[in-house]
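Listed here are the chains, written in short residue letters.
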Amino acid sequence: MIKEQLFNKLKTKGIFWSYSKNLTYEKAGDKLFLEYLLKYGDFDDLILAFKLYNQNYIKTIWEDKLKDDKRFIKLNLMLARVFFGMNVESSYFKEVKSARFEKFRMFASSNQIKRRNKMSINKELEVRSGNKCELCGSSDELSEFQVAPRDDLIVVCSKCREQLEDSDKIDESHWHCLNDSMWSEVDGVKVVAYRVLNALNNQDLLDILYLEDDILEWAKDGIKDSNAQPVRDANGNLLEDGDSVTIIKDLVVKGAGFTAKQGTTVKKIQMVQDDPTHIQGRVNGTKIFILTKFLKKL
Ligand SMILES: [Zn+2]
């Protein structure tokens, strides 16, 4: 059913332009459908296809219909590398700087393809969840969701999944469900609740959500990964935890009663969560926040 819906969506987009208007999913068949989807579908359609079909099956069609077609060389290289995990000309990819490719690359690096393919839910999870989304209780299109960076899995519905995977799609009204699920006995569920509440800036619930230290660390790890913004010095060089920097301008340190002099070296700096404009470091024995635009990496 979902396959047919996707087919119809793509038909509306016009990707079957060379076929009759009366072409239906049934008439086209999976092979033709996937061939055209690979050639002309956009990124999200491809992801969905990899959820709906076996990866090896898609690969067979790709090898048969696209792989040697020079018109699709760019696309083929991406598919080979990202979706089929083949090691092809990495130098080529450095040249390709499109938003679409960035999405591909991020997707590949998070290695979610295999997990996304896995729509079935293992028995243990099935029993634990009672075949319901462990976050909102819905039983719509359930799948396993990995609570990275650990391997723990929870059961989520398609609506929760969509929002967990794309923070732009977060809809606050959907997450009232966390009022209940944050009390779950499953650590993975609590961790996801923490991350969503954090994304929603819901401090009231965060204050009462009790997490053991190691679970809290796990919850925060995921946030760091998804929100990491590059921190750069005055020259645009990337700064990381543990780097040493020089202050390039006398800075009055508010509240500390001293001036951090130009030329002062600050060792072992630390990044400030959610704020790429500052770092933390020790000057005159005092830990202070310093604007990165007044720093030079050593
Ligand atoms: Zn849900």
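Now for a look at the structure at hand. Positions within a chain are numbered from 1, following the residues in the order the chain's sequence is written. It should be noted that, the model being predicted, local features are given only for residues of pLDDT at least 70 and side-chain atom pairs only at 80 or more, the latter also being counted only at that level, while totals for whole chains, interfaces and linings use all residues.

**Quick word on the overall build of the protein**
- Strands are runs of DSSP state E lasting at least 2 residues, helices are runs of H or I lasting at least 4, and numbering of each runs from the N terminus. Counting secondary structure elements, the protein contains 14 helices and 10 strands.
- Neighbour density around each residue's C-beta defines its exposure: 20 or more other C-beta atoms within 10 Å make it buried, 12 or fewer make it exposed, and counts between make it partly exposed, where C-beta atoms are placed from the backbone. In the protein, which comprises 298 residues, the share counted as buried stands at 21%.
- Long-range pairs, those at least 24 residues apart, make up 49% of the contacts in the protein with a sequence separation of at least 6. In this description, a residue-residue contact is defined by the distance between C-beta atoms placed from the backbone, which must lie within 7 Å.

**Observations regarding the pairing of strand β1 (residues 143-146)**
- Sheet analysis places β1 next to strand β2 (residues 153-156), joined by four bridges and oriented antiparallel. When the bridges of β2 are listed, Glu 144 appears paired with Val 155.
- Strands are labelled as partners when DSSP assigns at least two bridges between them. Count of turn residues in the β1/β2 antiparallel hairpin: six residues.

**Comments concerning unusual backbone geometry**
- A cis geometry characterises the amide bond from Ala 148 onward to Pro 149, with omega recorded as 0 degrees.
- With respect to the element layout, Pro 149 can be found in the loop between β1 and β2.
- Here the phi dihedral of Asn 131 falls at roughly 55 degrees; this positive angle occurs in a residue that is not glycine.
- Here Asn 131 lies in the loop between α9 (123-129) and β1.
- If you check the backbone angles, Lys 268 has positive phi at about 50 degrees while not being a glycine.
- Among the structural elements, Lys 268 can be located in the loop between β6 (265-266) and β7 (270-272).
- Judged by local crowding, Lys 268 falls into the exposed class, with 11 C-beta atoms found within 10 Å.

**Let's talk about the nonpolar core**
- Ranked by internal contacts, the top residues of the largest apolar core, which has 24 residues, are Cys 133, Ile 154, Val 156, Val 192 and Ala 193.
- Elements supplying a minimum of two residues to this core: β2, α10 (158-165), α12 (187-199) and α14 (213-227).
- If one sorts the elements of this core by residue count, α12 sits on top with seven residues.
- Filtering out sequence-adjacent residues up to four positions away, Val 156 remains in contact with Cys 133, Glu 134, Leu 135, Ser 143, Phe 145, Arg 161 and Leu 164.
- Core analysis: the next-biggest nonpolar cluster, separate from the first, contains 15 residues, Leu 37, Leu 46, Ala 49 and Trp 62 among them. Each nonpolar core comprises buried Ala, Val, Leu, Ile, Met, Phe, Trp, Tyr and Cys residues, the members being joined through C-beta atoms within 7 Å.

**Topic: helix α5 (residues 73-83)**
- Buried within α5 are the following residues: Met 78, Leu 79, Val 82 and Phe 83. Seen from one end, α5 has its buried residues packed into an arc of 100 degrees, which puts them on one side.
- Positive phi shows up at Gly 85, right after α5, with a value of about 60 degrees. To obtain the arc, one takes the directions from the helix axis to the C-beta atoms.

**A look at the packing of helix α2 (residues 25-40) against helix α4 (residues 55-65)**
- Contact pair α2 / α4: the axes reach a minimum separation of 10 Å and the direction vectors enclose 75 degrees. As the angle between them shows, α2 and α4 are arranged roughly perpendicular. For the pair α2 and α4, the contacting residues are Lys 31, Leu 34, Glu 35 and Leu 38 in the first and Ile 58, Ile 61, Trp 62 and Lys 65 in the second.
- When grouped by side-chain class, the residues that make up the contact of α2 with α4 number five nonpolar, no polar and three charged. For every element, the axis is a line fit to its C-alpha atoms; helices are fit only across the contacting stretch, and the angle between N-to-C directions ranges from 0 to 180 degrees. We call two directions roughly parallel when the angle between them is under 35 degrees, roughly antiparallel when it is over 145, roughly perpendicular when it lies between 65 and 115, and oblique otherwise. Just so you know the grouping, Ala, Val, Leu, Ile, Met, Phe, Trp, Tyr, Cys and Pro go in nonpolar, Asp, Glu, Lys and Arg go in charged, and all remaining residues, Gly too, go in polar.

**Focus: the sheet that holds β6**
- A sheet is described by the order of its strands in space; here three strands give the open sequence β6-β3-β10, paired in antiparallel fashion. The sheet terminates laterally at β6 and β10 (295-297), the two strands that pair on one side only.
- Of the strand pairs in this sheet, strand β3 (residues 245-247) and β10 are connected by three bridges, and their pairing is antiparallel. By the bridge assignment for β10, Thr 246 is matched with Lys 296.

**Considering the environment of Leu 135**
- As for its position among the elements, Leu 135 is in the loop between α9 and β1.
- For Leu 135, a count of 29 C-beta atoms within 10 Å translates into the label buried.
- Placed 47 residues apart in sequence, Leu 135 and Met 182 show a C-alpha to C-alpha distance of 8.1 Å.
- Beyond its immediate sequence surroundings of up to four residues, Leu 135 is in contact with Val 156, Cys 160, Cys 177, Ser 181, Val 189 and Val 192.

**A word on the sheet that holds strand β8 (residues 275-283)**
- Spatially, three strands are ordered β7-β8-β9 in an open sheet, and the strand pairing comes out antiparallel. Looking along the sheet, the strands with just one partner apiece sit at the ends: β7 and β9 (286-291). The mean angle between the axes of side-by-side strands here comes to 35 degrees, regardless of whether they run parallel or antiparallel.
- Bridging between β8 and β9 involves six bridges; their strand directions are antiparallel.

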